[in-house]
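# Analysis of the macromolecular model
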6 protein chains.
Amino acid sequence: MKIDTFDLSGARASRWNLDAVIDGLRVSREAAHNIRHHGRIRELPSREALAGIVSDLSAVLFPTHYGRPNLTDESIDYFVGDTLNTTLNRLTEQVRRGLLFSAPADAAGEATLAERADDITRAFAAGLPAIRALLVSDVQAAFAGDPAATSVAEIMLCYPGTIAILYHRLAHSLHQLGAPFLARLIADIAHSLTGIDIHPGARIGASFFIDHGTGVVIGETAILGQRVRLYQAVTLGAKRFPADASGALVKGIPRHPIVEDDVVIYAGATVLGRITIGAGSTVGGNVWLTQSVPPGSNVSQAQMRHDDCAEAKPR
Amino acid sequence: MKIDTFDLSGARASRWNLDAVIDGLRVSREAAHNIRHHGRIRELPSREALAGIVSDLSAVLFPTHYGRPNLTDESIDYFVGDTLNTTLNRLTEQVRRGLLFSAPADAAGEATLAERADDITRAFAAGLPAIRALLVSDVQAAFAGDPAATSVAEIMLCYPGTIAILYHRLAHSLHQLGAPFLARLIADIAHSLTGIDIHPGARIGASFFIDHGTGVVIGETAILGQRVRLYQAVTLGAKRFPADASGALVKGIPRHPIVEDDVVIYAGATVLGRITIGAGSTVGGNVWLTQSVPPGSNVSQAQMRHDDCAEAKPR
Amino acid sequence: MKIDTFDLSGARASRWNLDAVIDGLRVSREAAHNIRHHGRIRELPSREALAGIVSDLSAVLFPTHYGRPNLTDESIDYFVGDTLNTTLNRLTEQVRRGLLFSAPADAAGEATLAERADDITRAFAAGLPAIRALLVSDVQAAFAGDPAATSVAEIMLCYPGTIAILYHRLAHSLHQLGAPFLARLIADIAHSLTGIDIHPGARIGASFFIDHGTGVVIGETAILGQRVRLYQAVTLGAKRFPADASGALVKGIPRHPIVEDDVVIYAGATVLGRITIGAGSTVGGNVWLTQSVPPGSNVSQAQMRHDDCAEAKPR
Amino acid sequence: MKIDTFDLSGARASRWNLDAVIDGLRVSREAAHNIRHHGRIRELPSREALAGIVSDLSAVLFPTHYGRPNLTDESIDYFVGDTLNTTLNRLTEQVRRGLLFSAPADAAGEATLAERADDITRAFAAGLPAIRALLVSDVQAAFAGDPAATSVAEIMLCYPGTIAILYHRLAHSLHQLGAPFLARLIADIAHSLTGIDIHPGARIGASFFIDHGTGVVIGETAILGQRVRLYQAVTLGAKRFPADASGALVKGIPRHPIVEDDVVIYAGATVLGRITIGAGSTVGGNVWLTQSVPPGSNVSQAQMRHDDCAEAKPR
Amino acid sequence: MKIDTFDLSGARASRWNLDAVIDGLRVSREAAHNIRHHGRIRELPSREALAGIVSDLSAVLFPTHYGRPNLTDESIDYFVGDTLNTTLNRLTEQVRRGLLFSAPADAAGEATLAERADDITRAFAAGLPAIRALLVSDVQAAFAGDPAATSVAEIMLCYPGTIAILYHRLAHSLHQLGAPFLARLIADIAHSLTGIDIHPGARIGASFFIDHGTGVVIGETAILGQRVRLYQAVTLGAKRFPADASGALVKGIPRHPIVEDDVVIYAGATVLGRITIGAGSTVGGNVWLTQSVPPGSNVSQAQMRHDDCAEAKPR
Amino acid sequence: MKIDTFDLSGARASRWNLDAVIDGLRVSREAAHNIRHHGRIRELPSREALAGIVSDLSAVLFPTHYGRPNLTDESIDYFVGDTLNTTLNRLTEQVRRGLLFSAPADAAGEATLAERADDITRAFAAGLPAIRALLVSDVQAAFAGDPAATSVAEIMLCYPGTIAILYHRLAHSLHQLGAPFLARLIADIAHSLTGIDIHPGARIGASFFIDHGTGVVIGETAILGQRVRLYQAVTLGAKRFPADASGALVKGIPRHPIVEDDVVIYAGATVLGRITIGAGSTVGGNVWLTQSVPPGSNVSQAQMRHDDCAEAKPR
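Calculation notes
- Residues numbered from 1 in each chain as written.
- Chains lettered and ligands numbered in written order.
- Predicted model: local features only at pLDDT ≥ 70, side-chain atom pairs only at ≥ 80, totals over all residues.
- Heavy atoms only, no water.
- Least-squares fit on C-alpha atoms with pLDDT ≥ 70 in both.
- Contact = heavy atoms within 4.5 Å.
- pLDDT = per-residue confidence, 0-100.
- Buried area = accessible area lost by both parts, 1.4 Å probe.
- Salt bridge = Lys/Arg side-chain N within 4 Å of Asp/Glu carboxyl O.
- Helix = DSSP H or I, 4+ residues; strand = E, 2+ residues; numbered from the N terminus.
- Buried < 20%, exposed > 50% of the residue type's maximum accessible area, 1.4 Å probe, protein only.
- Pairing = 2+ DSSP bridges.
- Polar contact = N/O pair within 3.5 Å; in protein donor to acceptor, adjacent residues only side chain to side chain.
- Nonpolar A, V, L, I, M, F, W, Y, C, P; charged D, E, K, R; others polar.

## Remarks on the relation of the copies chain F and chain E
Note on the identical chains: chain F maps onto chain E by a rotation of 120° and an axial translation of 0.0 Å, with an RMSD of 0.0 Å. Here the symmetry operator amounts to a three-fold rotation axis. Different-surface contact between copies: only 7% of interface residues of chain F are shared with the interface of chain E.

What follows is the structure, encoded as structure tokens:
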């Protein structure tokens, strides 16, 4: 008597030529692995895990907006405390994994990395109240700066700029504390959600507002003062990438703009290189700017000439 | 005998300094809460719930494309009816929550809000067939306007513009009926999915088509006629924001363009202020336009001069 | 005795006027269905299913980055083999559904379509090792081309360009093999995740790198050589759409640029029409280019004149 | 440069001796498969799918108890209709799979099985109103028969007997219509949920009540009249299993009891063989009964003698 | 041009005769609804919701066993507090629903019911520490009473009796506080998980232990002292159900046994009626007991005679 | 301006008296924790994780019945290999946790436990083919022993006895290899699913069959030969529990029956103590047996006298 009544032989047996494809993929992997010496598995940080962690940190910071709307005075600290605890436990594991990829190759063993991850995570937690204060200033700036905004709740829930800045401030903190890989991953999660791409190395002052936001790019070494306002598709980028004698790009040197306090940059403007936009300046839409401008400047496309450019004629 | 065999004391007891962080966050919350008088919990609308509602409304409107592909003549109305009923039940709850944030502070009690939410939801439901007719015109416009489109199904499933317009027409209906908060939330969900940011206040005629779409921004008071076509990164924005005597921005005044019937605006064009683009006009790519143009205009970057601008030379 | 204790009559009975709305929607559907002759249900491809399939294919190609980080030498081929098998089973079903919408209407019966779907899927599987080799070259190009990149793992996990290219190379393979609908759906999933819109028909050489990426558009008939690098908001589009005698757009003719080897195109540049950018050229940011340029060109906004355009003056 | 930074070689490479175990399992499978001739894959019915189907059928029958409690007069038929349609679509697929295992081996092709499955499913659907009427009688019997019952809702939600009978009546209908495999699977799902094991072949009249129920067993050929009441651990079983000349058990012959109308059987009673318990009889707890009794009998353990048996004495 | 390309007409249109079945079900519902006067929807308690609530209450009581094993001294109270708060919020809603079915028909309005639900829930919460103390005594009794038990953790995780008693003590508290419907639902959830059926009305002292447990039934008015031990299939049931003049069963009168302190009842024993088993007695396996026995009794099947009964003879 | 618009003060602030309840629970926990010395967190095995592991092991053993029905010759080993690998990885973690609770308190460090867990898991994996062979004999015994069984697939999917034996054979292997806690947990999962309670220590020969099964209990030191058949509610239990001088139960001594080859025990029979039922014997339903019987015995209730017991008389 037979137990399995399935006959697996026959016509379908080689439906996909699985063995050949799997062999080909193995060969491809091995060609790329031509140098092997680490001798251990390095677990990558998990994008999904980190997305959940950042979402829960948002709930810790703004419990009634991003956590649970029905929290009461007697329950809110329990919620914050329990969410914070579980989130930090998960974060330190991701930080540890990230250190495997950003720490010097000759670093101490895994136990040391776990301790460093705990230290980073503890310092990160200690900084959360200060981050919250900055974020409150950002939300206030959005309310003050957009005539379409009707309530704080709308800014918290409906503005991609709010998400981008919240994620950036968390990512920047991790970047500063020595977890650059995790920081980049958080930045890319925000990028995917909002179309706003802020490198976690960028230093951004209080009361920051980005309206609409799609296509905004802020580079690694950019420095923004307080009360800066940006619109969609603004680039604060590098102008050129110096290479060393061997032709490899030199990493880490300052190459993005400094934007001083109270600057407004309108949609589509492109600001490149280590230039300074003086305090209180306004940069008009679509402007292409590669030189520093003094405080109080009003940089714009020359309107008259552009009216020529944009010819309106009957067809 | 002990029941719990876990020893929770010891070195890990203060792993995260939880109490200190939680205290810091409470202080931060209380600093922001310096004015309190409402005396009740206001439940925020849920972005997740609303995303599900809009997805189900899409299925109600186009059951075989966004609902279930195997519906039959005998089953389709049951599907539409049951999905519509459950969706309206969930929508009215979200509308009610949204009213808490957009209704006048001295509004009547919660019971009244629930009734208003029911009224809005009922009127919204009554308008769905008309919305569907508009959307059919939009899909037809896409098929006619894109040489890469090969079938209606492709436009329904693979075009971000289709999603953006569908969500906008639903959001605009709620906006008109007095649920502006929910409307904004739907618009931002669409923005996140597509990179297209249409304020729910914008009024848009039939047969509207957006191709590619990333970076498109359409402002709150914009008015678009029929058969308008837009490409990626087009902005229909405000030029300036008037402030009142106290320096606060004046909200709600017309400040975005009027685009008449049969206008095409190519990628990257920026159209700002309460200007009118006359019927049948074409606005070229990257054009910066802040003045009205008459019907039949053909607005473009002056090609000759731009060929100068874009210098091609050997390196 | 009564069993059900619910009284469903009364005031709520017509809460939503369901019957009227459902009738209205049916009328709307039937107005659009005025031509009926197929006589069978056509199941649409499922976007959710396809998103899962592409995610699993990514895991097949890069098991430790996108699959499971703890795979070992003894287990990796089992993982690849099992994931590949289940994914191909699911893919062939989606391919079959897609063929219903792209195959000629007079095509043979469903059985034939299922066989064609199996053939396409088998050929697609056979091409995966070659696709993997191309993707490895792309990741190497990113590492070489971005001074902010610190590790290969960062490029695999944190760069939207990596996702966009991975999805494109899979979509392009399906497009070439005769599954254009599925290919478009994959491209739109990548577009939604990254803001990068590459038509699956576009032909792109090895070592391709897109930085930041939001707003990039690459058209159906574009051809890109090896070692091409693009920045955010670059458009490789069509200049005009020829219509036939009846006014319908002519589909499929070459209408997008040819970009030869080793070309770099900076942020916001718009390149339109069937022009050729010669090998080794550089196209500057925000350039508007509609004419071919020879190899080695350096196309840019005329800097001097633009410094005029961007006037900096005290307010 | 290497792309994958994981080194999979080394000590963990043979952590589980996977290859050897997999070989051993393959050998074991092949030993059991020594007869192969079917030449095709037979998909088994899915227990999980069927559990969902029966749960949804329960909702179709009692929409406000097992479906959605907030249904209204205007929405209830839409809910019933849509749930019924999707459930029947899923049921017919499971019926088709079950037929592969219960139909004669030389049955016609798969197309024929699909048609038979549709026929069975359609007939099953047609019988649902009659099944509902029987179930209403069962619930009424529970309310009348248990002094602890306080409401119909309690009987619907808190009595395992209700679930067991509901599942049995559905399973019996499928059994009668020619889908015995599915019927058995439903019976076993109910058994796992309730501890009550009723073979789907058993024929049970209206107003049936099982109290507590754990351990009840009712055999394949049992016949129960109307208004029968059972308590926990009652067995209506077979006394012996006749074997044929070759020693194999003879299947299908009547071998379980006939229980006439208005019989009550108390906890732990064991009734075996093709005997008849006359109408209106009572069988006491723990009774062991293998002979028929006339109508109106009162079968019990002889109390006096049993008081002897149960000796109470000081320790 | 048609938008929907599906043809829903044709052969499949009446696949299931949906309309006829739905009509039949509606007629069946209406026949059962012949008395209607409540005029409002009564939402039933949700079994799924309650199962989650009880699971979370278990975690509140034993955080490291049923909650999270990695809790620390600094985090455990936050976990307990947050879990308790969310669980009580969900419980009060279910209590409110249950009151609709158990409260007098002429009870005050819904607002009053919500207040009563809050009162019951608050009192229930206040009793949790005392319930925990009882449960600790039960676990200790299990450890002391089963030679196979190797650790407290094993008793917490692997003994169905532990679950049955935990659920019963929670259910009994709700029963006492005036939420009998919810209490019954919890009891039936435990019954389904464990095969142990304890009516929430039963009063059970500390240090209670049930071994194996399948088939145990304890009736509504049973009273058990301290340190009682039961084995599988023990029934503490009613002997007869008095009916009133109209023939309806009289509900609520004491009809189940009183079991005093330190009694052990072995597997399969059936104890029926309002009898008393005196303190310190032992009731042997399979004993049928319907009369009170004094303290210190040792009730068993008369072994000698039973050895006759169980005849061992060669076949 | 305030950011959070929620007022959390007021009447609801002490809705649940959370602080008092949490304090009470902490006091209760600390009372039970009066002895603390371990100084580390011991993570408990997870019942949910283990349930998933056992389910996946079932799929490894019988891929087409419990895994995926559409496996083919080219894919089946990949499925088995990948499922086995991931399952063993998860199992070793649970084994490690279990060792914390069953290993001697003075055991070596966590690293050693992890190695022991790996050793146990590797040995367990090596034994899977032999376990599969036993299970095949069990299924064949069911098919041969139940006249209602119509196919092997029915036995695999619809018989609780199959699940109980499968889980037991896995649990017994872990028990033998030194993972008794995990083994007990698997046994209790099977008990909850089937109502059949087999201690993992029990030794059971090939071709074992349990029909119906609810209420079966098999004790820790029971030994069953080959071709044993049991019906529902059979107990193979201990008769008494010897205590040591201090009154504590002596653990681990043989105290359950030995059942030799080819024995059948019918429903409800109770067999207690370290007795031997000789090969080929039959034990009748409801028999109470506490003495050994020689091979070939036919033990039953004395039918004549029992017919007296069960008196049938007119009421």
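Okay, back to it.
## Some details on the confidence of the model for chain A
Residues and elements named next belong to chain A. Of the residues in chain A, 85% reach a pLDDT of 70 or more, and the chain-wide mean stands at 86. Considering only residues more than four positions removed or in separate chains, one finds that residues 302–315, a stretch of pLDDT under 50, has 39 contacts. Here the prediction assigns the complex a pTM of 0.90, and the interface score ipTM is 0.88.

## With respect to the interface of chain F and chain E
Much of the literature gives interface size as the accessible area that the parts lose upon coming together. At the interface, 58 residues of chain F touch 64 residues of chain E. Here chain F packs against chain E, burying approximately 4,900 Å² in sum over the two surfaces, 56% of which is carbon and sulfur. When the buried area of chain F at its contact with chain E is split by residue, F:Trp16, F:Arg29 and F:Trp288 rank highest and sum to 16% of it. On inspection of chain F and its partner chain E, the count reaches three salt bridges. Of the charged contacts, one joins E:Asp77 and F:Arg26 as a salt bridge, the two residues approaching to 2.4 Å between their closest N and O atoms.

## A short note on the pattern of salt bridges
This structure, assessed with the given rule, holds 93 salt bridges over all chains. Among the ionic pairs, A:Arg184 bridges to C:Glu154, the shortest N-O distance being 2.9 Å. Here A:Arg184 is found in helix 9 (residues 180–194), whereas its partner C:Glu154 is found in helix 7 (residues 152–158) on a different chain. The same class applies to A:Arg184 as to C:Glu154, namely buried. Residues joined by salt bridges that share partners form a network here, namely A:Asp23, A:Arg26, A:Arg29 and C:Asp77.

## Here we look at the relation of the copies chain A and chain C
Of the transformation superimposing chain A on chain C, the axial component is 0.0 Å and the angular component is 120°, with the fit at an RMSD of 0.0 Å. Little of the interface of chain A is mirrored in chain C: 7% of its interface residues are interface residues there too.

## Observations regarding the sheet that holds strand 9 (residues 264–265) of chain D
All names here are of chain D. Taken in spatial order, the five strands make up an open sheet running 3-6-9-12-14, and their pairing is parallel. The open sheet has two free edges, formed respectively by strand 3 (209–210) and strand 14 (298–299), since each of these has just one partner strand. As paired elements, strand 3 and strand 6 (residues 229–230) share two bridges and run parallel to each other. Within strand 6, the residue paired with Phe209 across the bridge is Arg229.

## Topic: the environment of F:Leu170
Residue and element names in this part refer to chain F. Mapping Leu170 onto the fold places it in helix 8 (residues 160–177). In this structure Leu170 comes out as buried when scored by relative accessible area, which is 0%. Sequence separation between Leu170 and Leu57 is 113 residues, and the spatial gap between their C-alpha atoms is 8.8 Å. Setting aside chain neighbours within four positions, we find Leu170 in contact with Val54, Leu57, Leu61, Phe124, Leu128 and Ile131.

## Concerning the interface of chain A and chain C
Contacts between the two partners involve 58 residues from chain A and, on the opposite side, 64 residues from chain C. Looking only at chain A, the three residues that lose the most surface to chain C are A:Trp16, A:Arg29 and A:Trp288, adding up to 16% of its buried area. Remark: the boundary between chain A and chain C carries four salt bridges. Here C:Asp77 ties to A:Arg29 by a salt bridge, and the two come within 3.2 Å at their closest N and O atoms. Linking chain A with chain C are 14 residue pairs in polar contact (both at pLDDT 80 or more), by the criterion used here. Those elements that provide at least two residues to the side of chain A that touches chain C are helix 1 (18–32), helix 9 and strand 14 (298–299) of chain A. Looking at the side of chain A that touches chain C element by element, the count peaks at nine residues for helix 1 of chain A. Tallied by class, the residues present in the side of chain A that touches chain C amount to 21 nonpolar, 23 polar and 14 charged.

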